[in-house]
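So the chains spell out like this:
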Amino acid sequence: PLVPSQSPHPPRNMPSIHNSEDMLPRTTSSRTSRRTCRWAGAKPIPLVLCIVLGLLIRFAIPKPDKVSRQAWQLFAIFLITIAGLILSPLPVGAWAFLCLTLTVITKTLPFAAAFAAFTNEVIWLIVASFFFSRGFVKTGLGDRIAMYFVRWLGKSTLGLSYGLVLGEAVICPAMPSSTARAGGIFLPIIKSLSSSAGSQPKDDSARKLGAYLVQSQLQSACSSSGLFLTAAAQNLLCVKLAEALGVEVKVQWVTWFKAASLPALISLLATPFILYKIFPPETKSTPDAPIMAARKLESMGPVKRNEWIMVGTMLITITLWVSGETLGVASVVAAMLGLSILLLSGVLDWDDCLSEKSAWDTLAWFGVLVGMAAQLTALGIVPWMSKCVANFLKSLSLSWPGAFFILQPAYFFIHYLFASQTAHVGALYSAFLSMHLASKVPGLLAALALGYNTNLFGALTHYSSGQAAVYYGGKAIFFLSLILYSNHY
């Protein structure tokens, strides 16, 4: 702006408004103003698409005779919710809250029913798992365990990969968040190892070491997460939803492990080797990796008090998870006990819990999804859809094995539309399990197979799971879609 002057002529040092160069600051200011005035709310196009979808389902498509008006209206809102998870007009938690509000405003659900899922023990178990993961990272226990495996097995690239994979397999039953394992422990280690070997992201040197290690770790993490019931939050939800549909899983932790152990262990052992053959690293020998791990362990010093407390707490918690049914201790109670120990001992403080935003965000949107899914089942939508699909499969003269081998791949590949494993479970697990049951597929087989598939599609794309997004966002992954690779990690 021009400065007022008593003189009719501007001062010598004052820019002339006729000089285009003098106007540059004003142009920059104008651009800045336009940037700051940019719309900061919901993305208009995704928002409109979600609303249009809901309106079409609610008013344009005739309601089936066997479905009540309330159920059909809730189904429309549920599809709006799922569309929002895919198209992201708002952050996931905000969109879920908006849709929850819609169910109450439209009187589709009473307030108590809409918020009933927030007392679901599985949701609070998942929240507690985020806090346990923070404990592993904060104390450095996760890094220490991983470094031990690197020191023991890291003399070759293949051995180094096995060391990292086995390190995650050891940690995962007590750290039920694959995203936290990836971002808090293994991505930093892989980046450090790759850098020391001269393998840098986004250039040709990536193929030396880093690209292979990241791809191996991501693919193997799916098997680690599927091996133990408590290795991933979505596993716990699968079991809970299965029980809601009448599928009883006795001695849950042991049953899950017994069914998963053989295929998961084979996959853990085979994945690094297969990737080593089809996507070979240029560097075959890594003699510096054990040395680096030894130096890291030396700098960390002896196992500290908080690490010992973390180990003891996790042993107690896992023991109660394994034998909880026999002792009459619910999984969520075991997690609450473990978290209480960490808080009382000072391993974690309440600020650590408050700053774990992903835990509270998950509580918000996960509670909405689980609550809607439960109400859809109670109001008859899920049974009606399952019966329709079962009748269609029956018209094809398919036995239950035929139905099983159609429904399982459908559940797997539809994950291309989702950016979260837990969101996929909350949206579709109950519906697909009901379809299996209506097609006479044995309940336990169907429930566990869907649960294992939920872990396996976590590496389907670069956005298909939290851990995939961590590696890709950290510029540490080759873009993988089935078997297609790009040239930088």
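How each quantity is defined
- Residues numbered from 1 in each chain as written.
- Predicted model: local features only at pLDDT ≥ 70, side-chain atom pairs only at ≥ 80, totals over all residues.
- Heavy atoms only, no water.
- Helix = DSSP H or I, 4+ residues; strand = E, 2+ residues; numbered from the N terminus.
- Contact = heavy atoms within 4.5 Å.
- Polar contact = N/O pair within 3.5 Å; in protein donor to acceptor, adjacent residues only side chain to side chain.
- Patch = residues over 30% accessible without salt bridge, like charges linked within 9 Å, V, L, I, M, F, W, Y side chains within 5 Å.
- Areas by Shrake-Rupley, 256 points an atom, 1.4 Å probe, with all protein chains shown as cover.
- Salt bridge = Lys/Arg side-chain N within 4 Å of Asp/Glu carboxyl O.
- Lys, Arg positive; Asp, Glu negative; His and termini not counted.
- Charge placed at Lys NZ, Arg CZ, Asp CG, Glu CD.
- Buried < 20%, exposed > 50% of the residue type's maximum accessible area, 1.4 Å probe, protein only.
- Expected span 1.5 Å × (residues − 1).
- pLDDT = per-residue confidence, 0-100.
- Axes fitted to C-alpha atoms, helices over the stretch in contact; angles between N-to-C directions.
- Parallel < 35°, antiparallel > 145°, perpendicular 65-115°, else oblique.
- Nonpolar A, V, L, I, M, F, W, Y, C, P; charged D, E, K, R; others polar.

**Examining the environment of Thr106**
Right, so step 1: Mapped onto the elements of the fold, Thr106 is located in the loop between helix H4 (92–105) and helix H5 (111–114).
Right, so step 2: Separated by 33 residues in the primary sequence, Thr106 and Gln73 have C-alpha atoms spaced 9.1 Å apart.
Right, so step 3: In this structure Thr106 touches Gln73 and Ile77, once residues within four positions along its chain are discounted.
Right, so step 4: Only 3.5 Å separates the side chain of Thr106 from the backbone oxygen of Thr103, close enough to count as a polar contact.

**A short note on a positive patch on the surface**
Right, so step 1: Among the surface-exposed residues, Lys66, Lys387, Lys394 and Lys440 lie close enough to one another that they form a single positively charged patch.
Right, so step 2: Within the element layout of this structure, Lys394 appears in helix H18 (residues 381–395).
Right, so step 3: A relative accessible area of 58% means that Lys394 is categorised as exposed.

**A few points about helix H11 (residues 233–244)**
Right, so step 1: In this model, H11 (twelve residues) spans 17 Å end to end at C-alpha, consistent with the 16 Å of a helix rising 1.5 Å per residue.
Right, so step 2: Burial analysis of H11 places nine of its twelve residues in the buried class, which makes it a mostly covered element.
Right, so step 3: Residues of H11 that are buried include every one of Ala233, Gln234, Asn235, Leu236, Leu237, Cys238, Val239, Leu241 and Ala242, and no others.
Right, so step 4: The secondary structure elements touched by the buried residues of H11 are helix H6 (121–139), helix H10 (210–227), helix H12 (252–278), helix H17 (357–378), helix H20 (421–438) and helix H21 (443–456).

**Here's the deal with the environment of Thr271**
Right, so step 1: Among the secondary structure elements, Thr271 is positioned in helix H12.
Right, so step 2: Each C-alpha atom, one on Thr271 and one on Ser161, is 9.9 Å from the other, the two residues being 110 residues apart in sequence.
Right, so step 3: Within the structure, the side chain of Thr271 is placed 2.7 Å from the backbone oxygen of Ser267, a separation counted as a polar contact.

**Quick notes on the confidence of the model for the protein chain**
Right, so step 1: Of all residues in the protein chain, 89% have pLDDT values of 70 or greater, and the mean over the chain is 84.
Right, so step 2: Looking across the protein chain, the model is least confident in strand E1 (residues 480–481), with a mean pLDDT of 34, and most confident in H21, with 95.
Right, so step 3: For residues 1–30, every residue scores under 50 in pLDDT, and the model assigns this stretch seven contacts once sequence neighbours within four places are set aside.
Right, so step 4: In the model, residues 475–489 has pLDDT below 50 throughout and makes 56 contacts with residues more than four positions away in sequence or in other chains.

**Considerations on unusual backbone geometry**
With the exception of glycine, most residues fall at negative phi, and the peptide bonds are largely trans.
Right, so step 1: Unlike most non-glycine residues, Lys107 shows phi in positive territory, near 60°.
Right, so step 2: Classification of Lys107 as exposed rests on a relative accessible area of 75%.
Right, so step 3: If you check the backbone angles, Ser397 has positive phi at about 60° while not being a glycine.
Right, so step 4: Along the chain, the position of Ser397 falls in the loop between H18 and helix H19 (400–413).

**Some thoughts on the pattern of salt bridges**
Right, so step 1: Tallied over the entire structure, the rule returns seven salt bridges.
Right, so step 2: For Arg134, the salt bridge is made with Glu356, and the minimal N-O distance between the two is 2.9 Å. Here Arg134, found in helix H6, pairs with Glu356, found in the loop between helix H16 (350–354) and H17; they are 222 residues apart in sequence, far enough to count as distant.
Right, so step 3: On the basis of relative accessibility, which here comes to 29%, the residue Arg134 falls in the partly exposed class.
Right, so step 4: The buried category is assigned to Glu356, whose relative accessible area is 13%.
Right, so step 5: Note that Arg181 and Glu168 form a salt bridge whose closest N and O atoms lie 2.9 Å from each other. In this pair, Arg181 is assigned in helix H9 (residues 178–196) and Glu168 in helix H8 (residues 157–171), connecting sequence segments 13 residues apart.

**Describing a nonpolar patch on the surface**
Right, so step 1: Among the surface-exposed residues, Ile45, Leu49, Ile86, Leu87, Ile414 and Leu417 lie close enough to one another that they form a single nonpolar patch of about 520 Å² accessible area.
Right, so step 2: Counting residues per element, the ones that place at least two in the nonpolar patch are helix H2 (44–60) and helix H3 (69–87).

**A short note on the packing of H3 against H4**
Right, so step 1: One can describe the packing of H3 onto H4 by two numbers: an axis separation of 10 Å at closest approach and a directional angle of 170°. Classified by the angle their axes make, H3 and H4 are roughly antiparallel. Contacts between H3 and H4 involve Leu74, Ile77, Ile80, Thr81, Gly84 and Leu85 from the former and Val92, Trp95, Cys99, Leu102 and Thr103 from the latter.
Right, so step 2: For the contact of H3 with H4, the residue count by class is eight nonpolar, three polar and no charged.

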